[in-house]
Amino acid sequence: MTLNAIRTVAVLGAGTMGNGIAHVFARYGYNVILRDVETRFLDRAMETISKNLDREVKKGNVSEGDKPGILGRIHATTEMSEIAGADFAVEAVPERLDLKLSVLREADTLLRPEVILASNTSSISVTTLAAATRRPDRFVGMHFMNPVPVMVLIEVIRALQTSDETLQTTMALCERLEKKPVAVNDAPGFVSNRVLLPMINEAAFAVMEGVATAEAVDVIMKVGMNHPMGPLELADFIGLDVCVNILDVLYTGFGDSKYRACPLLRKMVAAGWLGRKSGRGFYSYPG
Ligand SMILES: NC(=O)c1ccc[n+]([C@@H]2O[C@H](COP(=O)([O-])OP(=O)(O)OC[C@H]3O[C@@H](n4cnc5c(N)ncnc54)[C@H](O)[C@@H]3O)[C@@H](O)[C@H]2O)c1
């Protein structure tokens, strides 16, 4: 599939990432088929997209008059068969291997053979996912960052089987969305999480060992290293459960003890202190 032939994009999963991905494609003129398993998830996604567009209008990035057109380009559906008309597809269902494999296999049977199928996985082997389809050379990782409409980076992950053409088309498509794609080869944690998670983990160890408070660690990294967010503030934003899962992927993927998740992180997850989403992590989030 050539870049110019891509007009309609299927997005599988309308959660945190899926609604952002749909938003961005629609904003740049693509028709979007947004699929989730229940209407209430789709309604919530459309509400979020509408609110996020209002924010972009306020910032002057989108004109008020364009908003209805952008929303109108998104067709929300629970019917998987409707993705058959798509020219490109991005999967953004929860990070569970069994679920991803079944959704990708089903999508593979519905999409035309020339269509590229991308996964937004943040930690599962893209090579393994590609192998589950009949289009492994037209399979690629497209790791958007959260929140998608705001974050410019897309880590494009090349599976062992990904063809040059698939990689190039995907990179060019990211640029059409005014994003900055960076290509990397498939490896546990890719580059983003392989570099980020050990820093978050080390910050948690420093707190666990009583070297410093969470606030002190974050101030040191923000003021001293010019990071816009401290590592523990960022861990709360990502979700401490997600952090532990990614560390486990690095630990088992490399078989290297340097990726061992900090016991304090595991304990906080066991307590249900997952960060922002549960109201408490390294910091408290009242309300
Ligand atoms: N949240 C992040 O910060 C972030 C960042 C980068 C990548 N990711 C990755 O993006 C993917 C999605 O994460 P999320 O945070 O958006 O999850 P989420 O739980 O917010 O959303 C997932 C959505 O998929 C839907 N879903 C479940 N089964 C489905 C199916 N069979 N068909 C269609 N939809 C289905 C769910 O109902 C839900 O609405 C994961 O692979 C995750 O690792 C997440």
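Residues numbered from 1 in each chain as written. Predicted model: local features only at pLDDT ≥ 70, side-chain atom pairs only at ≥ 80, totals over all residues. Heavy atoms only, no water.

The subject of this paragraph is helix α6 (residues 164-176). Helix length check: α6 (13 residues) gives 18 Å between terminal C-alpha atoms against 18 Å at 1.5 Å per residue, within 8%. Taken together, the buried positions of α6 are occupied by Thr-166, Leu-167, Thr-169, Thr-170, Met-171, Leu-173 and Cys-174. Buried residues along α6 sit against α1 (16-27), β4 (88-91), β5 (116-119), β6 (139-144), β7 (153-158) and β8 (180-185). A positive backbone phi angle near 55° is found at Glu-178, which sits one or two residues after α6. (Helix = DSSP H or I, 4+ residues; strand = E, 2+ residues; numbered from the N terminus. Expected span 1.5 Å × (residues − 1). Buried < 20%, exposed > 50% of the residue type's maximum accessible area, 1.4 Å probe, protein only. Contact = heavy atoms within 4.5 Å.)

A word on the side chain of Thr-133. By the secondary structure assignment, Thr-133 is in the loop between α5 (126-131) and β6. Using a relative accessible area of 7% as the deciding quantity, one classes Thr-133 as buried. A polar contact of 3.2 Å, which involves the side chain of Thr-133, links it to the backbone nitrogen of Arg-135. Contacts of Thr-133, omitting those with residues within four sequence positions, involve Leu-104, Asp-108, Leu-117 and Phe-139. (Polar contact = N/O pair within 3.5 Å; in protein donor to acceptor, adjacent residues only side chain to side chain.)

It is at 7 Å that the axes of helix α8 (residues 214-225) and helix α9 (residues 231-238) come closest, and there the two elements cross at 110°. Accordingly, the angle class assigned to the pair α8 and α9 is roughly perpendicular. Listed contacts from α9 to Ala-214, Val-217, Asp-218, Met-221 and Lys-222 of α8 are Pro-231, Leu-232 and Glu-233. Residues belonging to the contact of α8 with α9 are distributed by class as follows: five nonpolar, no polar and three charged. (Axes fitted to C-alpha atoms, helices over the stretch in contact; angles between N-to-C directions. Parallel < 35°, antiparallel > 145°, perpendicular 65-115°, else oblique. Nonpolar A, V, L, I, M, F, W, Y, C, P; charged D, E, K, R; others polar.)

The alternating pattern of β5 places Ile-116 and Ala-118 and Leu-117 and Ser-119 on opposite faces, both of which are buried. Sheet analysis places β4 next to β5, joined by four bridges and oriented parallel. Bridged to Val-90 within β5 is Ala-118. For the segment spanning β4, helix α4 (residues 97-110) and β5, crossover handedness is right-handed. Bridge count for β5 against β6 is three bridges, and the pairing is parallel. (Pairing = 2+ DSSP bridges. Right-handed = clockwise from strand over helix to strand, strands pointing away.)

This part takes up the pattern of salt bridges. Scanning the model with the defined rule gives 15 salt bridges in all. For Asp-137, the salt bridge is made with Arg-138, and the minimal N-O distance between the two is 2.9 Å. Taking relative accessible area as the criterion, Asp-137 reaches 29% and is therefore assigned partly exposed. (Salt bridge = Lys/Arg side-chain N within 4 Å of Asp/Glu carboxyl O.)

The next point concerns the site of the ligand. Contacts to the ligand come from 21 residues, most closely from Met-17, Asp-36, Glu-95, Lys-100 and Ser-122. One nitrogen or oxygen atom from the side chain of Asp-36 is found 2.6 Å from an oxygen atom belonging to the ligand. The separation between an oxygen atom of the ligand and a polar side-chain atom of Asn-146 is 3.3 Å. In the complex, 79% of the free accessible area of the ligand, which totals 840 Å², lies under the protein chains. Top contributing element to the shell around the ligand by residue count: α4, with three residues. In terms of residue class, the shell around the ligand is built from nine nonpolar, eight polar and four charged. (Near = heavy atom within 4 Å. Areas by Shrake-Rupley, 256 points an atom, 1.4 Å probe, with all protein chains shown as cover.)

Treat this as a map of the structure, not an account of what it does.
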